[in-house]
Amino acid sequence: MQRSEATDLTRLLRRLAIRALALGAVTALTGLTTVAMALVLAGFGLLFVPVRER
């Protein structure tokens, strides 16, 4: 994996993580706590996943 591909992948994972966290916050406000917890955990997982270069 080239450096530009790694940064693109990192940027994509961060965008997905932010969307999952925002959706988790909205679902927590609506009262769907189990769904919110799953979305927040997925968001944090995507946010902190390591991206390795080859």
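Residues numbered from 1 in each chain as written. Predicted model: local features only at pLDDT ≥ 70, side-chain atom pairs only at ≥ 80, totals over all residues. Heavy atoms only, no water.

> Can you walk me through a nonpolar patch on the surface in this structure?
There is a patch of nonpolar side chains on the surface, built from Leu-9, Leu-12 and Leu-16 and spanning about 240 Å² of accessible area. With respect to the helices, strands and loops of the structure, Leu-16 is situated in helix α1 (residues 3-30). Accessibility expressed as a relative area gives 40% for Leu-16, which makes it partly exposed. (Patch = residues over 30% accessible without salt bridge, like charges linked within 9 Å, V, L, I, M, F, W, Y side chains within 5 Å. Areas by Shrake-Rupley, 256 points an atom, 1.4 Å probe, with all protein chains shown as cover. Salt bridge = Lys/Arg side-chain N within 4 Å of Asp/Glu carboxyl O. Helix = DSSP H or I, 4+ residues; strand = E, 2+ residues; numbered from the N terminus. Buried < 20%, exposed > 50% of the residue type's maximum accessible area, 1.4 Å probe, protein only.)

> Can you help me understand the pattern of salt bridges in this one?
If charged atoms from side chains of opposite charge come close, those side chains can pair. Taken as a whole and assessed by the stated rule, the structure comprises one salt bridge. Here Asp-8 makes a salt bridge to Arg-11, at a shortest N to O gap of 3.4 Å. With Asp-8 and Arg-11 both in helix α1 and three residues apart, this pair spans about one turn of that helix. Taking relative accessible area as the criterion, Asp-8 reaches 43% and is therefore assigned partly exposed. Classification of Arg-11 by relative accessible area gives partly exposed; the value is 49%.

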